[in-house]
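Working through the structure, step by step
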Amino acid sequence: MTDTTPATPLDPLAPLGKIKEFNPTRQRIKKWLVFAVIGFALFYTLFPVYWLFLNSFKTRLDMFATPAIWLLDAPTLYNYVQTFVERPFLRFMFNSLVVAVGTTILALVFGTMAGFALARFDYPGRAKYHVSFWILSTRMMPPIVTIIPLFLFFAFVNLLNTKTALVIAYTGFNLPFVIWMMKGYFQELPRELEESAMVDGDTRLGAFIRVLIPLARPGLAATAIFTLILSWNEFLFALIITETQTSNTLPIGIAGRITQYKTEWGEISAAGFASCIPIIIFAFIVQKHLVRGLSFGAVKG
Amino acid sequence: MKRLLSLVGTLVLSAGLAGTALADLTVAVPNGSEGDGLRAAAVDYSKLKGVKIEIVQAPYSNLFERAATAASTRSGVFDIVLMDDPWIPFFAENGFLVELGPFFKGIGTDGPDNDFLSKSVALCRNPYNTGPYICLPYVGNAQLFFYDPEQYASVGFPDGPRTWDDVLTASTELTGDGSSRKYGYTMRAAEGNPVVADFMPIFWSFGATLFDADRKVSLQTPEALQAVKMFLALAKVAPPGVESFGADEVGTAIAQGSAYSAINWPNWVATFEDPAQSRVVGKIANVKMPDGTSAGSSEIGHWTMGISIDSKNKQEAFDFMVWATSAEQVKISALRGNPPVRFSVFTDTELTSQEQYRHYPTLMQAINFSTPRPRHPQWPEIENAFGRELSAAVAGRISAEEALDRSQKAIEAIIAR
């Protein structure tokens with residue numbers, strides 16, 4: 001049996017359906033829930049930094065006091081003097097700076113060009129062999145598996161205990177990340193831009209440097225800060241490859257304050273807190289690019 | 001901003017990426033006061049003699065691996081290694097160390113002078129106390145028993161503990177039900193070196209030995225079981241979580257006044273007597289190890305310098321070692337926080353009149369009555385295996401009998417390799 005009821009014509013003035021009523025209490029709860037989540041996230045991320053800061057100005061006695069001392073009661077610079085005057089932490093910091101900046105520059109130079117090539121050019125096996133995936137796959141293995149070959153290689157070329165060895169190793173490990181980040185950014189940029197430049201007489205390299213690089217600046221900033229942080233904090237390779245103050249980086253220097261008999265928590269806190277400062281400064285310098293850089297192009301494969 | 005960034009980058013990179021310094025001598029040392037002391041001495045020596053010395057400093061656990069790898073690969077990268085004394089058999093029995101006899105002859109003697117403590121010098125011969133000299137002692141450590149006399153007096157031990165039973169009785173009373181969070185005793189029971197270092201003095205004081213006269217593992221004995229049971233009983237009156245405690249946690253508990261007795265290394269005396277680091281300034285006594293069924297004996301823990309067989313600068317290395325272990329330099333090293341190895345420095349009134357060196361007479365006595373860790377080339381592996389089972393027993397995962405049984409098998413397997 002078929003329904004023979006004629007269809008009701010649409011009444012333009014009829015109500016559209018049940019509209020969710022505005023509930024101020026629910027809105028307020030929602031707002032406070034959001035604040036609570038943000039507050040927890042802030043506490044979770046900032047409290048360790050605060051505790052590090054606090055301990056760096058405390059005596060060992062205050063550090064282990066029960067109940068804990070939550071505010072700076074009687075600050076002391078003793079830990080900073082021990083760390084930066086009595087011990088060669090300024091040297092370690094300089095080494096870290098050389099290695100991190102060197103790695104970042106090298107990884108960006110090579111990674112940007114490789115990312116551009118992967119985003120733009122057709123090359124044999126592009127679709128079949130998934131070259132860009134295999135580049136990324138080098139990040140999937142635990143770094144420790146490469147330690148022995150790298151150690152032997154650097155010993156063979158007489159680069160053990162040098163900052164150069166660290167820069168080479170870190171550049172190798174950061175390159176896949178840089179290539180993939182930059183490949184995504186370049187894929188976001190229309191081909192027509194560099195083609196226009198080339199039509200106007202520029203070379204491909206010229207178009208890349210003068211047109212695409214300025215446009216990819218947000219991506220460069222975001223990639224640079226990640227590379228810098230990874231190189232600045234790296235421990236494992238530095239532990240194996242470096243030996244003396246000539247090349248020891250900050251993470252090695254800090255770990256060195258754990259001795260057989262005693263752990264110098266005050267010095268570790270002072271060095272740890274001071275080691276955050278250069279990265280924070282760099283992050284502030286590039287932050288205007290950072291947010292856009294993180295969201296822009298990051299989802300492209 | 002771009003200019004600033006590029007300027008920073010250029011300056012930093014132009015400061016030079018490479019940096020291997022060519023040195024006359026390369027010395028491997030641990031992090032900590034021993035390594036710092038020798039590094040400072042090396043700077044003084046360089047100024048005095050014009051010899052360039054490179055100091056390679058590494059964490060304790062990493063130093064052995066580095067030195068062992070360098071020795072095994074015959075790289076000769078280290079001329080001198082500052083060795084913890086239990087490492088000596090590994091380096092000596094594998095032929096990685098230079099015999100010092102001919103060098104001593106070169107300076108008109110047969111060996112180290114008589115001012116060195118005999119136990120310190122005995123360590124530097126392989127086999128122990130009888131073989132040729134293969135190193136020179138630099139830092140003289142032996143464990144001490146630290147306790148709070150006031151607290152021990154309050155529970156009926158005005159003269160301090162004489163035996164481990166005294167320690168257990170007093171600690172049980174002082175800990176009570178643990179609600180005050182003050183503990184009569186605390187211990188290092190973290191796996192590996194910490195728990196073994198804390199256990200061995202108790203082990204020896206009950207007449208147990210790890211190896212018998214034929215160098216066979218001898219852990220399944222009534223003496224060893226008695227020692228483990230005492231160790232576990234002490235763990236019960238110690239703070240919760242001691243199975244993860246190392247020297248730092250134990251020292252901190254004493255310095256904070258939350259534990260009243262423990263075995264630890266003498267380096268902690270300076271911390272206990274420093275008002276910025278301690279709540280117990282002037283309150284902590286240190287004595288030789290309490291007795292068990294046998295006389296108590298501290299574990300000796302010296303830092304010694306040996307010359308790599310592959311060093312290309314053996315004579316220069318020997319000259320530096322002799323200079324660094326002279327009475328004058330050992331005293332300077334003591335002022336830098338390293339216990340001495342010479343009688344004249346232990347009894348130097350300029351030092352012993354100061355609060356932070358008041359433990360020197362006790363320490364010298366402890367060294368003189370100390371016992372070395374079993375002299376075996378595979379000791380680091382043995383220590384790890386033994387430490388794993390002891391720590392598991394302290395954590396309550398296995399019984400005393402199981403700990404000994406498993407250790408016996410694990411150590412036998414290591415030796416059989």
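Residues numbered from 1 in each chain as written. Chains lettered and ligands numbered in written order. Predicted model: local features only at pLDDT ≥ 70, side-chain atom pairs only at ≥ 80, totals over all residues.

**Examining the overall build of chain B**
The following threshold applies: Under the scheme used here, helices are H or I runs from DSSP no shorter than 4 residues and strands are E runs no shorter than 2 residues, and both carry numbers assigned from the N terminus. Based on C-alpha atoms, the radius of gyration is set beside the globule rule, defined as 2.2 Å times the residue count to the power 0.38. Between the buried cut of 20 or more and the exposed cut of 12 or fewer other C-beta atoms within 10 Å of a residue's own C-beta lies the partly exposed class, and all C-beta atoms are placed from the backbone. C-beta atoms are first placed from the backbone for all residues, and any pair lying within 7 Å is then listed as a contact.
For chain B, the helix and strand inventory stands at 19 helices and eight strands. In summary, chain B has a C-alpha radius of gyration of 23 Å against a globular reference of 22 Å for 417 residues, a match within 12%. Seen along its three principal axes, the alpha-carbon backbone of chain B occupies a region of about 65 × 65 × 50 Å. Split into buried and exposed, the 417 residues of chain B put 52% on the buried side. Taking contacts inside chain B between residues at least 6 apart in sequence as the whole, the part at least 24 apart equals 73%.

**Comments concerning the nonpolar core**
All names here are of chain B. This is how it is decided: Connectivity within a nonpolar core runs through C-beta atoms within 7 Å, and the core itself is a set of buried Ala, Val, Leu, Ile, Met, Phe, Trp, Tyr and Cys residues.
Core analysis: the biggest nonpolar cluster contains 128 residues, and Val27, Ala28, Leu82 and Met187 have the highest contact counts within it. It is helix 9 (residues 193-205) that provides the largest number of residues to this core, a total of eight residues. Contact partners of Met187, with chain neighbours within four places excluded, come to Asp198, Leu234, Ala235, Ala238, Val242, Phe245, Val250 and Ala262.

**Points about the sheet that holds strand 6 (residues 261-264) of chain B**
Sheets are built from strands paired through backbone hydrogen bonds, the pairs being either parallel or antiparallel. Residue and element names in this part refer to chain B. What counts here: Pairing between two strands requires that DSSP report at least two bridges joining them. Axis definition: a line fitted to C-alpha atoms, limited for helices to the stretch in contact. Angles are taken between N-to-C directions and run from 0 to 180 degrees.
A sheet is described by the order of its strands in space; here three strands give the open sequence 6-5-7, paired in antiparallel fashion. For this open sheet the edge positions go to strand 6 and strand 7 (285-287), each flanked by a neighbour on one side alone. Each strand of the sheet is rotated relative to its neighbour by a mean of 30°, with strand direction disregarded.

**Regarding the packing of helix 9 of chain B against helix 10 (residues 222-236) of chain B**
Residue and element names in this part refer to chain B. We count it as follows: Roughly parallel covers angles under 35 degrees, roughly antiparallel covers those over 145, roughly perpendicular covers 65 to 115, and oblique covers all other angles. Throughout, a crossing is termed right-handed when the near helix is turned clockwise from the far one, and left-handed when it is turned anticlockwise from it by less than a right angle. Classes in brief: Ala, Val, Leu, Ile, Met, Phe, Trp, Tyr, Cys and Pro nonpolar; Asp, Glu, Lys and Arg charged; the others, Gly included, polar.
Relative orientation of the contacting elements helix 9 and helix 10 amounts to 130°, with a least axis distance of 8 Å. Compared by their axis directions, helix 9 and helix 10 come out oblique. Remark: the crossing between helix 9 and helix 10 carries right-handed chirality. Contacts from Phe199, Ile202 and Phe203 in helix 9 reach Ala224, Ala227, Met230 and Phe231 in helix 10. Classifying every residue of the contact of helix 9 with helix 10 gives seven nonpolar, no polar and no charged.

**Quick word on the interface of chain B and chain A**
Counting residues at the interface gives 31 residues for chain B, matched by 28 residues for chain A. Of all the secondary-structure elements, those providing two or more residues to the side of chain B that touches chain A are helix 1 (2-14), strand 2 (53-58), helix 3 (60-72) and helix 11 (247-255) of chain B. Residue composition of the side of chain B that touches chain A, grouped by class: 15 nonpolar, 13 polar and three charged.

**With respect to the environment of Gly184 of chain B**
All names here are of chain B. Looking at the element boundaries, Gly184 is found in the loop between helix 8 (164-175) and helix 9. Residue class for Gly184 comes out buried when judged on the 26 C-beta atoms lying within 10 Å of it. Along the chain, Gly184 and Val167 lie 17 residues apart, while their C-alpha atoms are 8.3 Å from each other. Apart from the residues within four sequence positions on either side, Gly184 is in contact with Ala170, Ser171, Thr172, Glu173, Leu174, Thr175, Val237, Tyr260 and Ser261.

**Brief notes about the sheet that holds strand 4 (residues 136-139) of chain B**
Residue and element names in this part refer to chain B. Pairing within the open sheet is mixed, and its five strands lie in the order 2-1-3-8-4. Two strands in the sheet have a free side with no partner beyond their single neighbour: strand 2 and strand 4. Here the average twist between neighbouring strands, direction ignored, is 30°. Where strand 1 (residues 25-30) and strand 2 come together, six bridges link them in parallel fashion. Of the residues in strand 2, the one forming a bridge with Pro30 is Ala58.

**Focus on the domain arrangement of chain A**
Frequently, the measure chosen for interface size is the accessible area that the parts lose on association. All names here are of chain A. This is how the line gets drawn: For the purposes of this description, domain bounds are those given by an automatic or database domain assignment.
We note that the domain assignment places domain 1 (24-63) and domain 2 (86-295) within chain A. Here the C-alpha centre of domain 2 lies 31 Å away from the C-alpha centre of domain 1. At the interface, eight residues of domain 1 touch seven residues of domain 2. Those elements that place two or more of their residues in the side of domain 1 that touches domain 2 are helix 1 (24-56) and helix 2 (60-63). With five residues, helix 1 is the largest single contributor of residues to the side of domain 1 that touches domain 2.

**Concerning helix 8 (residues 163-188) of chain A**
Residue and element names in this part refer to chain A. Heads up, the condition is: In this scheme, a helix's expected span is set at 1.5 Å multiplied by one less than its residue total. Bend angle per residue: angle between axes fitted to the 7 residues ending at that residue and the 7 residues starting there.
The terminal C-alpha atoms of helix 8, which comprises 26 residues, lie 36 Å apart, in line with the 38 Å expected from a rise of 1.5 Å per residue. The largest bend along helix 8 reaches roughly 40° and is located at Asn174, with the proline Pro176 sitting one to four residues downstream. Counting buried positions over the 26 residues of helix 8 gives 21, a clear majority of the element.

**A word on the pairing of strand 3 (residues 80-84) of chain B**
Residues in a regular strand project their side chains so that they alternate between the two faces of the sheet. Residues and elements named next belong to chain B. Of all five residues making up strand 3, five are buried, and the element is well covered by its neighbours. As judged from the two bridges shared by strand 1 and strand 3, these two strands associate in the parallel manner. Within the sheet, the bridge partner assigned to Val27 lies in strand 3 and is Ile80. For strand 3 and strand 8 (residues 303-307), the ladder comprises five bridges, and the chain directions are antiparallel. Within strand 8, the residue paired with Met83 across the bridge is Thr304.

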